[in-house]
Amino acid sequence: MKATPLTVAAALAIALTACSGGGEKAPEPSTSSEPATEEATETAVTTASVENDDGIPPELRGRWGLSPADCTSTKGDAKGLLTVSAYQLVFYEAVAKLAEIKASGPGSVTASFDFSGEGQSWNLDVALSSHDGGKTLVRKDTGPDAAPAPLTYTKCP
């Protein structure tokens, strides 16, 4: 994934806002046409609190199914359906609220989520990414209750 100067500048603006500790507005991203260096791209991966950004990137939001039937079920039995909004993930029997964004970039986010469902609550770090123009979404959980392997969802029509 190659970052553009605009995405690097936006990531740096988020980092400055997160580190400022106050209500100061982050500087506007530069629209320079100079290419970003790989080193600048690595530096641009940031940690930001939910209050200081726009949540989960828009290209990752929407309805995603582990199988085509998850997208079309009318019986409420779409167990592989994942609905992603700016600040939460909604599963068949659980909801995960965004707690802290650890890294974000075009088509990807890694964040801590507070899960609840079936009378229980737990925390997981979740990485979401889509690097094929939004056709598929890969979810990789880390933590004691994490799924053992990444899950690949398909965008619902």
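Residue positions are counted from 1 within each chain, in the order its sequence is given. Only residues with pLDDT of at least 70 are given local features in this predicted model, and only at 80 or more are side-chain atom pairs given and counted; all residues enter the totals for whole chains, interfaces and linings. Only hydrogens and water are set aside when side-chain values are computed; all heavy atoms of the structure are taken into account.

Caption draft 1: Representation of the packing of aromatic side chains within the structure. Pairing of aromatic rings covers Phe, Tyr and the six-membered ring of Trp, with a centre-to-centre limit of 6.5 Å; geometry is then stacked below 30 degrees between planes, edge-to-face above 60, and tilted otherwise. A complete count under the given rule lists two aromatic pairs for this structure. Seen from their ring centres, phenylalanine 115 and tryptophan 122 are 5.4 Å apart, and the 20° between their planes marks the pair as stacked. Each residue in the set Phe91, Phe115 and Trp122 is aromatic and connected to the rest through ring pairs, giving one cluster.

Caption draft 2: Representation of the pattern of salt bridges within the structure. Salt bridges are defined as contacts in which a side-chain nitrogen from Lys or Arg sits within 4 Å of a carboxyl oxygen from Asp or Glu. Counted according to the given criterion, the structure contains two salt bridges. Notably, a salt bridge pairs lysine 102 with aspartate 125, separated by 3.0 Å at the nearest N-O pair. In this pair, lysine 102 sits in strand E5 (residues 95–105) while aspartate 125 sits in strand E7 (residues 120–129), placing the two residues 23 residues apart along the sequence. Since its relative accessible area comes to 32%, lysine 102 is described here as partly exposed. Linking aspartate 141 and arginine 139 is a salt bridge whose minimum nitrogen-to-oxygen distance equals 2.8 Å. Think of it in three bands: with a 1.4 Å probe and only protein chains considered, a residue is buried below 20% of the maximum accessible area for its type, exposed above 50%, and partly exposed in between. By relative accessible area, arginine 139 is classed as buried at 9%. A run of H or I in DSSP becomes a helix once it reaches four residues, and a run of E becomes a strand once it reaches two; helices and strands are each numbered from the N terminus.

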